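Below are the chains, spelled out letter by letter.
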Amino acid sequence: MTDAEMASPHAQFMDFPVEEYRTRLDRVRGLMVAANLDAMILADPANLAYFTGYRSLLFVSKFRPFIAVVPVEGEPALILPNLEVGVGRRMSWIRDVRGWGSRGYFSDRQDFLTLLKDVLVEKRLGGKAIGFELGAGQRPTLTLEQFQSTRELFTAAGCRTLNCADIIWAARIRKSSREIDYLRIAGRATDAGYLAALEIAREGTSETELSQAVGIAMMRNGADWPGFLVVQSGPDRYDMTNPPASRRKLETGDMVILDIGAVHKGYWGDLTRGFFIGRASGAQREFYHAILEVFVRTKSAVRPGIRIEELDRVAEQTIIELGYSEHIWHRTGHSIGLDVHELPSVAEGDKTTLEPGMVFTIEPGIYNFGIGAFRLEDVVVVTEEGHESLNATAPTELIIR
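The rules we used
- Residues numbered from 1 in each chain as written.
- Predicted model: local features only at pLDDT ≥ 70, side-chain atom pairs only at ≥ 80, totals over all residues.
- Heavy atoms only, no water.
- Patch = residues over 30% accessible without salt bridge, like charges linked within 9 Å, V, L, I, M, F, W, Y side chains within 5 Å.
- Areas by Shrake-Rupley, 256 points an atom, 1.4 Å probe, with all protein chains shown as cover.
- Salt bridge = Lys/Arg side-chain N within 4 Å of Asp/Glu carboxyl O.
- Helix = DSSP H or I, 4+ residues; strand = E, 2+ residues; numbered from the N terminus.
- Buried < 20%, exposed > 50% of the residue type's maximum accessible area, 1.4 Å probe, protein only.
- Pairing = 2+ DSSP bridges.
- Axes fitted to C-alpha atoms, helices over the stretch in contact; angles between N-to-C directions.
- Contact = heavy atoms within 4.5 Å.
- Lys, Arg positive; Asp, Glu negative; His and termini not counted.
- Polar contact = N/O pair within 3.5 Å; in protein donor to acceptor, adjacent residues only side chain to side chain.

Novice: For a nonpolar patch on the surface, give the residues involved together with the corresponding values.
Specialist: Together, L57, M219 and W225 make up a nonpolar patch on the protein surface, roughly 330 Å² of accessible area in all. Considering the arrangement of structural elements, one finds M219 in helix 9 (residues 207–220). Taking relative accessible area as the criterion, M219 reaches 44% and is therefore assigned partly exposed.

Here it is in structure tokens:
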């Protein structure tokens with residue numbers, strides 16, 4: 001951070017220096033100009049964090065709108081519930097932070113629509129083209145009624161409302177060095193969670209105990225919190241692909257599948273590993289070694305200059321070559337950052353050319369629910385020469401506990 005920023009009483013609470021947020025704003029404004037867009041209305045938590053720095057645990061609430069107005073010219077504004085104004089002013093680089101509420105501190109207006117209308121008038125947005133987050137992977141913190149009322153407010157002012165989701169993904173697709181540092185920490189914390197599960201896993205250990213060990217280890221190794229903790233084991237749970245841990249106790253012959261991710265400063269880790277209790281059958285070994293081969297070949301293909309769909313093609317062709325085509329079930333991976341699932345997707349049809357700074361998962365899988373769910377997953381960063389794995393400390397070899 002600059003000396004001026006370090007002198008600010010708010011700098012200690014911000015995730016990034018002001019100049020990084022300014023760079024993001026400049027980048028998205030260039031995209032807005034190209035798309036003839038005059039302003040964006042942001043209400044998706046990840047977009048709010050990315051462009052304004054504002055992050056809050058109150059995002060879990062489904063009642064209160066959190067809105068940023070980002071004009072193509074002039075300064076952005078944050079419109080928050082009044083009890084969130086303190087968070088907004090100290091975590092965000094935005095200086096225009098306004099609160100709405102029926103009473104109490106920071107209540108500039110009683111409701112968010114009146115406050116939003118004030119901003120619309122002040123920033124002279126009447127009759128302009130306004131972007132809303134309407135595309136894939138965007139989920140604004142607005143109810144349908146709130147969204148309709150918001151859009152009607154701009155329509156009544158003569159505005160055209162458009163979809164700006166593609167612009168947002170284009171702005172977020174390449175991660176900065178600081179973002180990658182946060183993703184590394186999330187990856188290391190995620191690996192630590194897996195290693196902690198391996199330490200205690202044995203016949204008689206419960207899935208719940210594994211989940212607790214994973215979460216504690218993540219928090220002790222840099223995570224702000226565990227983003228998700230999928231634990232599944234045994235024939236009755238192999239086809240439960242995203243369940244919470246149960247009280248089921250591990251038995252000899254079980255495959256244990258962990259799909260876990262720590263979160264650091266809002267940035268996600270994502271790791272899938274599987275291991276066996278007591279012994280692994282011949283069929284389990286064959287499937288495991290097959291998916292390991294698919295995983296290694298696919299990850300080795302990551303480099304700048306190729307289309308992301310080519311990675312999916314490597315995974316699919318390797319699975320077919322090894323004789324497991326009937327066991328393919330899903331795509332090969334997804335981009336990751338402030339959202340655990342971002343665009344582009346590592347899937348057939350995605351023509352995005354890989355560039356340094358793009359971050360995504362490699363997670364091919366083959367499934368025979370009679371014996372297990374065989375998937376390996378790492379987060380990788382595209383580098384100038386190839387790639388970097390952010391899960392380098394989580395072993396991939398077949399393990400029996």
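Novice: Describe the sheet that holds strand 3 (residues 77–81), and please don't skip the residues or the numbers.
Specialist: Judged by pairing direction, the sheet is mixed, and its six strands sit side by side in the order 4-3-2-1-5-6 without closing on themselves. The strands lining the two open edges of the sheet, one partner per strand, are strand 4 (97–100) and strand 6 (160–163). Each adjacent strand pair in this sheet contributes to an overall mean axis angle of 25 degrees, direction not counted. Sitting on the sheet, helix 2 (residues 18–34) touches strand 1 (39–42) and strand 2 (67–71), and the angle it makes with strand 2 is about 65 degrees. This element, helix 6 (residues 144–156), spans strand 1, strand 5 (129–132) and strand 6 of the sheet and lies at about 170 degrees to strand 5.

Novice: So what's going on with the environment of V381? Residues and values would help.
Specialist: With respect to the helices and strands, V381 occurs in strand 16 (residues 378–382). V381 gets classed as buried once you look at its relative accessible area, which sits at 2%. Between the C-alpha atoms of V381 and I308, which are 73 residues apart in sequence, the distance is 13 Å.

Novice: Just give me the short version of the side chain of R29, but keep the residues and values in it.
Specialist: Mapped onto the fold, R29 is located in helix 2. For the buried residue R29, which engages in no salt bridge, the nearest side chain bearing the opposite charge is D26, 5.0 Å off. A distance of 2.2 Å separates the side chain of R29 from the backbone oxygen of G74, its partner in a polar contact. Those residues in contact with R29 that lie beyond four places of it in its chain are P71, V72, E73, G74, E75 and P76.

Novice: Describe the environment of V231, with residues and values.
Specialist: Along the chain, V231 falls in strand 7 (residues 225–233). Exposure remark for V231: the relative accessible area of 1% places this residue in the buried category. Placed 15 residues apart in sequence, V231 and S246 show a C-alpha to C-alpha distance of 7.9 Å. Not counting chain neighbours up to four residues away, the residues in contact with V231 comprise E207, L210, S211, R237, P243, P244, A245, I257 and L258.

Novice: A description of helix 7 (residues 165–172) should follow, citing residues and the corresponding values.
Specialist: Helical geometry: 3.6 residues make up each α-helical turn, so side chains three or four residues apart lie on a common side. By the criterion of burial, helix 7 is predominantly enclosed, with six of the eight residues buried. For helix 7, the full list of buried residues reads A165, I167, I168, W169, A171 and R172. Packing partners of the buried residues in helix 7 comprise helix 2, strand 1, helix 3 (45–52), strand 5, strand 6 and strand 12 (342–346).

Novice: Just give me the short version of unusual backbone geometry, but keep the residues and values in it.
Specialist: Leaving glycine aside, a negative phi is the common case for residues, and trans is the common case for peptide bonds. Across the junction of L343 and P344, the peptide omega takes the value 10 degrees, indicating a cis bond. Structurally, the position occupied by P344 is in strand 12. A positive phi is found at F106, a non-glycine position, where the angle reads about 65 degrees. For F106, the location among the structural elements is in the loop between strand 4 and helix 5 (112–122). The exposure class of F106 is partly exposed, given its relative accessible area of 40%. Even without glycine at this site, R124 takes up a positive phi of about 55 degrees. Relative to the helices and strands, R124 is located in the loop between helix 5 and strand 5. Exposure remark for R124: the relative accessible area of 69% places this residue in the exposed category.

Novice: Can you explain helix 3? Please cite residues and give values.
Specialist: Extensive coverage of helix 3 is indicated by the burial of seven of its eight residues. Turning to helix 3, its buried residues number three or more, namely A46, N47, L48, A49, Y50, F51 and T52. Between the side-chain oxygen of the N-cap and the backbone nitrogen of A46 there are 2.9 Å, and the N-cap of helix 3 in question is D44.

Novice: Please give an account of the pattern of salt bridges that cites residues and values.
Specialist: A complete count under the given rule lists 26 salt bridges for this structure. With its nearest N and O atoms 3.2 Å apart, the salt bridge here joins E20 to R178. Pair noted here: E20 is in helix 2 and R178 is in helix 8 (residues 177–200), with a separation of 158 residues, a long-range link. For E20, a relative accessible area of 8% corresponds to the buried category. Its salt-bridge partner being K351, residue E309 comes within 2.8 Å of it at the nearest N-O pair. Note that E309 is positioned in helix 11 (residues 308–322) and K351 in the loop between strand 12 and strand 13 (359–362), a separation of 42 residues in sequence. Judged by relative accessible area, which is 3%, E309 ranks as buried. Among the ionic contacts, a cluster of salt bridges with common partners joins E20, R24, R178 and E179.

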